[in-house]
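Below are the chains, spelled out letter by letter.
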Amino acid sequence: MSIVHNFNAGPSILPKEVFEQAAQAVLNYNNTGLSILEIGHRTSTFQAVMDEAQALVKELMKLDADHEVLFLHGGASTQFMQVPMNLLDDKETAAYADTGVWGIKAIKEAKLFGKVDVVCTGKESNYSTIPKDFAVPNDAKYFHITTNNTIYGTQWHTIPKTSNVLVADMSSDILSRVLDFNAFDLIYAGAQKNMGPAGVNLVVVNKNILGKVKRAIPTIMDYRNHIKEGSMLNTPPVFSIYVCMLTLRWLKAKGGVAAIEKLNDAKAALLYKEIDENPLFTGTANKEDRSKMNVCFVMNDPSLEEAFLAHTKQLNIVGIKGHRLVGGFRASIYNALPISSVEVLVDAMKSFKG
């Protein structure tokens, strides 16, 4: 079978060895004679998976004792409501950064639970920039950012310093670069880009920020209940968590977050260099705000787009068509994508004659 170069934005590429191990586990998990799909979630067999997955997150993020690790159902979209439900009373205000579609969706849900102050926005630049000059009110219950924007190809390279509780949607750049993860009071990330398959959501939460709201929180939506039950309040997405564990093992074996950041930097530098030097293409994000996970660009002659897509298809390059809202092209270069695939895409850009 020929190699496919997978630039899909999500669900996205995962390490080949993870697929191989997961495939074997579907047939026979650790020689138990049972599939990973059918083992009981309250057995010691699966408890070991959960324990290792949580421990690997804590190790890779260098988390302190106040931060709890949860694996929950649903993607980031569920967290758009679960965050304010747990943190924001109806007469209180939360601060949000509007850096694109996912920030807008989070803002919409937060307004169901309290007041929202949109303290900065990239709307005027069509979200090609990350806002720089803004202030977060001291009385804001928390400040929410989306660290990386898949659709527009922008990323917060400097995390705002604030005295407020800091909340971040890291779905598309989780564990891709070194950060002080303890500086965040709540992190959430859909797994289907850098950590595993769709169907599970990572939540890292400082337990000290919980239990402050007056409202009654439904049992399944209260982070404290999930912490108490070790992410087993209800039947967890067993297979998705298992694949996350395998991917976290892979990341640790690669040298951890610092090592993968160097590889990600190299991939991004290679692709952006070609975009900037090739007269056929133009990058859409402000250079200082460019994402190292989602590289967005357009053709200077839009009439050539279909021909370029056909050219890349012949080279087994998939997933580079831009999001339907913005068009153009988007190459997602997540942790598991090898630099050799970026080299193939760059060669395709060089060889395309229009």
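As shown above, the structure is provided for reference.
First things first, this report covers the structure right here in the doc. (Residues numbered from 1 in each chain as written. Predicted model: local features only at pLDDT ≥ 70, side-chain atom pairs only at ≥ 80, totals over all residues. Heavy atoms only, no water.)

1. Section: helix H4 (residues 101-110)
Owing to its 3.6 residues per turn, the α-helix aligns residues three or four sequence positions apart on the same side. Listing the buried residues of H4 in full gives Val101, Gly103, Ala106, Ile107 and Ala110. As for H4, its buried residues are in contact with helix H3 (76-87), strand S3 (93-98), strand S4 (115-121), strand S5 (142-146) and strand S9 (186-190). (Buried < 20%, exposed > 50% of the residue type's maximum accessible area, 1.4 Å probe, protein only. Helix = DSSP H or I, 4+ residues; strand = E, 2+ residues; numbered from the N terminus. Contact = heavy atoms within 4.5 Å.)

2. What to know about the packing of helix H8 (residues 305-314) against helix H9 (residues 339-351)
Two elements in contact, H8 and H9, have axes separated by 10 Å at closest approach and are oriented at 135 degrees. When the axis of H8 is compared with that of H9, the two are oblique. Along this stretch, H8 crosses H9, giving a crossing that reads as right-handed. Residues Phe308, His311 and Thr312 of H8 pack against Ala348, Met349 and Ser351 of H9. For the contact of H8 with H9, the residue count by class is three nonpolar, three polar and no charged. (Axes fitted to C-alpha atoms, helices over the stretch in contact; angles between N-to-C directions. Parallel < 35°, antiparallel > 145°, perpendicular 65-115°, else oblique. Left-handed = near helix turned anticlockwise from the far one by under 90°. Nonpolar A, V, L, I, M, F, W, Y, C, P; charged D, E, K, R; others polar.)

3. Comments concerning the environment of Tyr142
When you line up the elements, Tyr142 lands in strand S5. Considered as a pair, Tyr142 and Glu229 are 87 residues apart in the sequence and their alpha carbons are 26 Å apart. Setting aside residues no more than four positions away along its own chain, Tyr142 makes contact with Val83, Pro84, Leu87, Leu88, Thr93, Ala94, Ala95, Tyr96, Ala110, Val165 and Val167. Separated by 2.7 Å, the side chains of Tyr142 and Tyr96 make a polar contact. (Polar contact = N/O pair within 3.5 Å; in protein donor to acceptor, adjacent residues only side chain to side chain.)

4. What about the pattern of salt bridges?
Note on pairing: side chains with opposite charge can pair once their charged atoms come close. The tally for this structure, following the rule as stated, stands at 14 salt bridges. Here Lys207 ties to Glu68 by a salt bridge, and the two come within 3.8 Å at their closest N and O atoms. Highlighted residues: Lys207 in the loop between strand S10 (201-206) and helix H5 (223-228) and Glu68 in strand S2 (residues 67-72), separated in sequence by 139 residues. Lys207 sits in the partly exposed class, given a relative accessible area of 38%. Of the charged contacts, one joins Lys292 and Asp265 as a salt bridge, the two residues approaching to 3.0 Å between their closest N and O atoms. Of this pair, Lys292 sits in the loop between strand S11 (281-283) and strand S12 (294-299) while Asp265 sits in helix H7 (residues 256-277); the two residues are 27 residues apart in sequence, bridging distant segments of the chain. Classification of Asp265 as partly exposed rests on a relative accessible area of 28%. (Salt bridge = Lys/Arg side-chain N within 4 Å of Asp/Glu carboxyl O.)

5. A closer look at the layout of surface pockets
Computed from the structure, the largest pocket encloses a volume of approximately 480 Å³. Along its surface, the largest pocket is lined by 22 residues, and Ile13, Leu14, Lys16, Ala336 and Pro338 are the ones closest to its centre. Examining the composition of the lining of the largest pocket, we find that four residues originate from one element, H7, more than from any other. Tallied by class, the residues present in the lining of the largest pocket amount to 14 nonpolar, four polar and four charged. The calculated volume of the second largest pocket comes to roughly 400 Å³. Every element with two or more residues in the lining of the second largest pocket is listed here: H3 and H4. (1 Å grid on protein atoms, 1.4 Å probe; cavity = no way out; pocket = protein on both sides within 12 Å on 5 of 7 lines; lining within 4 Å. Points joined across faces, edges and corners; volume = space filled by probe spheres on them.)

6. Some details on the packing of H7 against H9
The N-to-C vectors of H7 and H9 enclose an angle of 5 degrees; their axes lie 10 Å apart at closest approach. With respect to H9, the element H7 is oriented roughly parallel. When H7 is examined against H9, the residues Ala266, Lys267, Leu270, Leu271, Glu274 and Ile275 are found in contact with a partner set consisting of Ile339, Val342, Glu343, Leu345, Val346, Met349 and Lys350. The residue makeup of the contact of H7 with H9, split by class, is nine nonpolar, no polar and four charged.

Worth remembering: the numbers are spatial, not functional.
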